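Overview (structure and organization)
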Amino acid sequence: ELKDNTIIIVLGASGDLAKKKTFPALFGLFRLGYLPRDVKIVGYARTKMDKAEYHKRATSYLKNPDNDPETTSAIEQFKEISTYVSGSYEDSESFAQLNSHLQEIESHYQSKEANRLFYLALPPSVFVPSAKNLKEQCYSPTGQNRIIVEKPFGKDLDSSRELLDSLKQYWTEDETFRIDHYLGKEMVKNILVLRFANVAMGAAWDKNHISNVQITFKEPFGTEGRGGYFDEFGIIRDILQNHLLQVLSILTMERPVSFSAEDIRDEKVKVLRSIPPIAREDTLLGQYIAANGKPGYLDDDTVPHNSVCPTFAATTLWIHNPRWEGVPFILKAGKALNEAKVEVRIQFKDVTQGIFKDIVRNELIIRIQPSEAVYLKMNTKTPGLITRAMPTEMDLTYKRRFTETKIPEAYEALILDALKGDHSNFVRNDELDVAWKIFTPILHWIEGRQGQLPRPVPYPYGSRGPKELDGFIQKYGFKRANDAYVWPV
Ligand code: BG6
């Protein structure tokens, strides 16, 4: 339930995340009338800016290409509820000033209840001082206080625990909303419904029917502009350890007792705990090189010239439980590839040999983006007088089926959840811990902590990834469809 008298405070208001994601999402919700009544949005950052400058910055990513008058007027109204305070993240005096600003806004409320949602769109170096100062200077004594934080949550198991321990001195788990924005994506949220509201799906969801699963993230651009930042983390921390592992946990968890946040997260944690740390033999690393007129990763001046940071990784996880024993889950992610695509591909087993030969396997594909879709590759008889099977698709492409519905942005969905206090689509502390347990050993190996420093294999900018990839996925039983179908034998 939404609380009136809420102020949303965006820390890091002049940064990239705020401009590109937070403000557009807040605006999207505001426009649709989903924000609490009389909401106010307060930006906070180091940069000194006057109101006009701040408004320009905060609205710089709000799209209105055709100058639609309704949008223009909504943007103007959005500016009216937006104010700004500048200050440092370390200095408690600055936060005291922020608090005075909040109190001044709240003095106009009719009721005494004052709720505050703090959104930390901040670099990790200032997470802890900001969280501390917010608690000590800006905590509303008369309402709800919540804090939204976003990765990076440390760099490995130890640093993540250290960060969580520091933060929990000030903010309880109940007050904390850890964003993994993939959990706000429509098709990721759809997995629960697909699995548990369909007997036909649920019945085939196990090692007896599924041969292998691939969860793939592809981006057609490199680290342009943020190479220096990326180099500290690499693709595994950027995408696999959080976004793809979250998708995996929802795909594979047992049915929760209810759809409550704790029941769902209990099941996610349980399945993640059944996954041992990733083995080196199950990992393929790549780094993109210049091609097609585009620069290589190492050509970026902000990247160390001998960096071995992977910009591509494919890695296979195994789940040791009765449902999934022996099924390979291949997570793969890369920058500077040939296309933008995020999808889950569940490849079923071959039909029992006998009457059919070389028949194509069923595959269920959940396309997360672009163009949300669920489709099932299946065999049907070729229509007409010939007796042959042919591969076809049962296709649920959202933009064709749900023509009237606008699919919300992930950040819109998540901010609304946080305003309502629903933790279902946020990462719990123990979930984060177990995610790091799975990935920390491989990360330490990649970074040479065990003496060896594996060099990622090169792949050209704009390609499908390292050429070793096809062999890699085939090793785990993935069968590419073959065009020769013979039926009957
Ligand atoms: C972020 C990563 O978490 O997700 C980025 O840090 C990546 O490197 C982004 O580009 C991808 O998000 P989306 O929503 O565009 O798939």
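Residues numbered from 1 in each chain as written. Predicted model: local features only at pLDDT ≥ 70, side-chain atom pairs only at ≥ 80, totals over all residues. Heavy atoms only, no water.

Some thoughts on the overall build of the protein
Put simply, the rule reads: A helix here means a DSSP run of H or I that spans at least four residues, while a strand means a run of E at least two residues long, and both kinds are numbered starting from the N terminus. Only the C-alpha atoms count toward the radius of gyration. The rule for a globule is 2.2 Å times the residue count to the power 0.38. Note on exposure labels: buried denotes an accessible area under 20% of the residue type's maximum, exposed denotes more than 50%, and partly exposed covers the range between, all computed with a 1.4 Å probe on protein chains only. Note on definitions: a residue-residue contact is assigned when non-hydrogen atoms from the two residues lie within 4.5 Å. Charge counting treats Lys and Arg as positive and Asp and Glu as negative, with His and both chain ends excluded. Lys charges are placed at NZ, Arg charges at CZ, Asp charges at CG and Glu charges at CD.
When you go through the protein residue by residue, the secondary structure sums to 14 helices and 15 strands. Relative to the compact-globule value of 23 Å for 489 residues, the protein shows a C-alpha radius of gyration of 24 Å, a close match. In terms of overall dimensions, the protein has C-alpha extents of about 80 × 55 × 45 Å along its principal axes. Put simply, the protein has 489 residues, and 53% of those count as buried. Of the contacts made within the protein by residues no fewer than 6 positions apart, 77% connect residues no fewer than 24 positions apart. Where the 64 positive side-chain charges of the protein centre and where its 65 negative ones centre are 4 Å apart.

A few points about the site of the ligand
For the record, the criterion: Note on terminology: near, applied to a residue and a molecule or strand, indicates that one of the residue's heavy atoms is within 4 Å of it. Under the rule applied, a polar contact is a pair of N or O atoms within 3.5 Å (in protein, one hydrogen donor and one hydrogen acceptor; residues adjacent in sequence only if both atoms are side-chain atoms). Residue type decides the class: Asp, Glu, Lys and Arg count as charged, Ala, Val, Leu, Ile, Met, Phe, Trp, Tyr, Cys and Pro as nonpolar, and the leftover types, Gly among them, as polar.
As a matter of local geometry, the ligand sits amid Lys151, His181, Tyr182, Lys185, Phe217, Glu219, Arg226, Asp238, His243, Lys335 and Gln369. Here an oxygen atom of the ligand sits 2.6 Å away from a polar atom, N or O, in the side chain of Lys185. At a separation of 2.6 Å, an oxygen atom of the ligand approaches a polar side-chain atom of Asp238. Considering only residue class, the shell around the ligand consists of two nonpolar, three polar and six charged.

Observations concerning the pairing of strand 12 (residues 363-369)
We apply this condition: Two strands pair if DSSP finds at least two bridges between them.
Burial within strand 12 is extensive, with six of its seven residues counted as buried. Relative to strand 12, strand 11 (residues 341-348) runs antiparallel, the two sharing six bridges. Among the inter-strand pairings, Ile346 is bridged to a residue of strand 12, identified as Leu364. Looking at chain direction, strand 12 and strand 13 (residues 373-381) are connected through five bridges and run antiparallel. Counterpart to Arg367 in the pairing with strand 13 is Ala373. Remark: three residues form the turn of the hairpin made by strand 12 and strand 13, two consecutive strands paired antiparallel; Ser371 in that turn has positive phi of roughly 55°.

A few points about the UniProt feature "domain: Glucose-6-phosphate dehydrogenase NAD-binding" (unreviewed entry) in the protein
This is how the line gets drawn: UniProt positions are given in the numbering used here, feature names are shortened, and annotations may be inferred rather than shown by experiment.
Using the residue numbers shown here, the UniProt feature "domain: Glucose-6-phosphate dehydrogenase NAD-binding" (unreviewed entry) corresponds to residues 9-190. Split by type, residues 9-190 is 44% helix and 16% strand. Its first and last C-alpha atoms lie 30 Å apart.

Focus on the pattern of salt bridges
Here is the rule: Just to be clear on terms, a salt bridge is a Lys or Arg side-chain nitrogen sitting within 4 Å of an Asp or Glu carboxyl oxygen.
Inspection of the entire model under this criterion finds 35 salt bridges. As a salt-bridge pair, Glu431 and Lys268 come within 2.8 Å of each other at their nearest N and O atoms. With Glu431 in helix 13 (residues 429-446) and Lys268 in helix 10 (residues 261-273), the pair connects residues that are 163 residues apart, well separated along the chain. Given a relative accessible area of 1%, Glu431 falls into the buried group. Linked by salt bridges that have partners in common, Lys218, Glu339, Lys341, Glu343, Arg345 and Glu363 make up one network.

Comments concerning the nonpolar core
For the record, the criterion: For our purposes a nonpolar core is just a set of buried Ala, Val, Leu, Ile, Met, Phe, Trp, Tyr and Cys residues, chained together by side-chain atoms within 4.5 Å.
Counting 142 residues, the largest nonpolar core has Leu11, Leu98, Leu134, Ile236, Leu251 and Phe439 as the members making the most contacts within it. Apart from the residues lying within four places of it in its own chain, the contact partners of Ile236 are Gln241, Leu285, Ala313, Phe439, Ile442, Leu443 and Ile446.

Topic: the sheet that holds strand 6 (residues 176-179)
Which entries qualify depends on this criterion: Working convention: axes come from line fits to C-alpha atoms, limited for helices to the stretch in contact. Angles between N-to-C directions cover 0 to 180 degrees.
Read from one edge to the other, the open sheet built from six strands follows the order 3-2-1-4-5-6, with strand pairing classed as parallel. Each edge of the sheet is formed by a strand with only one pairing partner; in this case those strands are strand 3 (82-86) and strand 6. In this sheet, neighbouring strand axes are inclined to one another by 20° on average, regardless of whether the strands run parallel or antiparallel. Strand contacts of helix 1 (residues 16-31): strand 1 (6-11), strand 2 (40-45), strand 4 (115-120) and strand 5 (145-150), with the helix running at about 165° to strand 1, the strand carrying the most contacts. The sheet contacts of helix 12 (residues 410-420) involve strand 1, strand 4, strand 5 and strand 6, and relative to strand 5 the element is tilted by about 150°.

Considering empty space enclosed by the protein
For clarity, the cut-off: Using only the protein atoms, space was sampled on a 1 Å grid; points where a 1.4 Å probe fits but cannot get out form cavities, open sets with protein on both sides within 12 Å along at least five of seven lines form pockets, and lining residues are those with an atom within 4 Å of a point. Grid points are joined across faces, edges and corners, and a volume is the space filled by probe spheres set on the points.
The tally for this structure, following the rule as stated, stands at three cavities of 30 Å³ or more. Taken as a whole, the largest cavity holds about 240 Å³ of empty space. If you go around the largest cavity, you meet 23 residues; those closest to its centre are Lys151, Phe153, Asp180, Gln241 and Asn242. Listed by contribution, the elements that provide at least two residues to the lining of the largest cavity are helix 9 (227-252) and helix 13. The leading source of residues in the lining of the largest cavity is helix 9, at nine residues.

Focus: the packing of aromatic side chains
Put simply, the test is: Whether two aromatic rings pair depends on their centres lying within 6.5 Å, for rings of Phe, Tyr and Trp, where Trp uses its six-membered ring; planes under 30 degrees apart make the pair stacked, over 60 edge-to-face, and the rest tilted. Two limits define a charge over a ring: the Lys NZ or Arg CZ must be within 6 Å of the ring centre, and within 35 degrees of the ring normal.
Scanning the entire structure with this criterion turns up 19 aromatic pairs. With a centroid separation of 6.3 Å and an interplanar angle of 80°, the aromatic rings of Phe23 and Tyr54 are classed as edge-to-face. Taken as a pair, Phe23 in helix 1 and Tyr54 in helix 2 (residues 51-58) lie far apart in primary sequence, 31 residues in all. Judged by relative accessible area, which is 1%, Phe23 ranks as buried. Between Phe230 and Tyr297, the ring centres sit 6.1 Å apart and the planes meet at 75°, which makes this aromatic pair edge-to-face. Linking Phe230 in helix 9 with Tyr297 in the loop between strand 8 (283-289) and strand 9 (312-317), this pair joins segments that are 67 residues apart in sequence. Here the two residues Phe230 and Tyr297 agree in accessibility, since each one is buried. Three or more aromatic residues joined by ring pairs make a cluster, and in this case those are Phe230, Tyr288, Tyr297, Phe312, Tyr459 and Tyr461. The side chain of Lys135 reaches across the aromatic face of Tyr139, ending 4.7 Å from its centre. Taking NZ or CZ as reference, Lys185 lies 4.5 Å from the ring centre of Tyr182, over its face.

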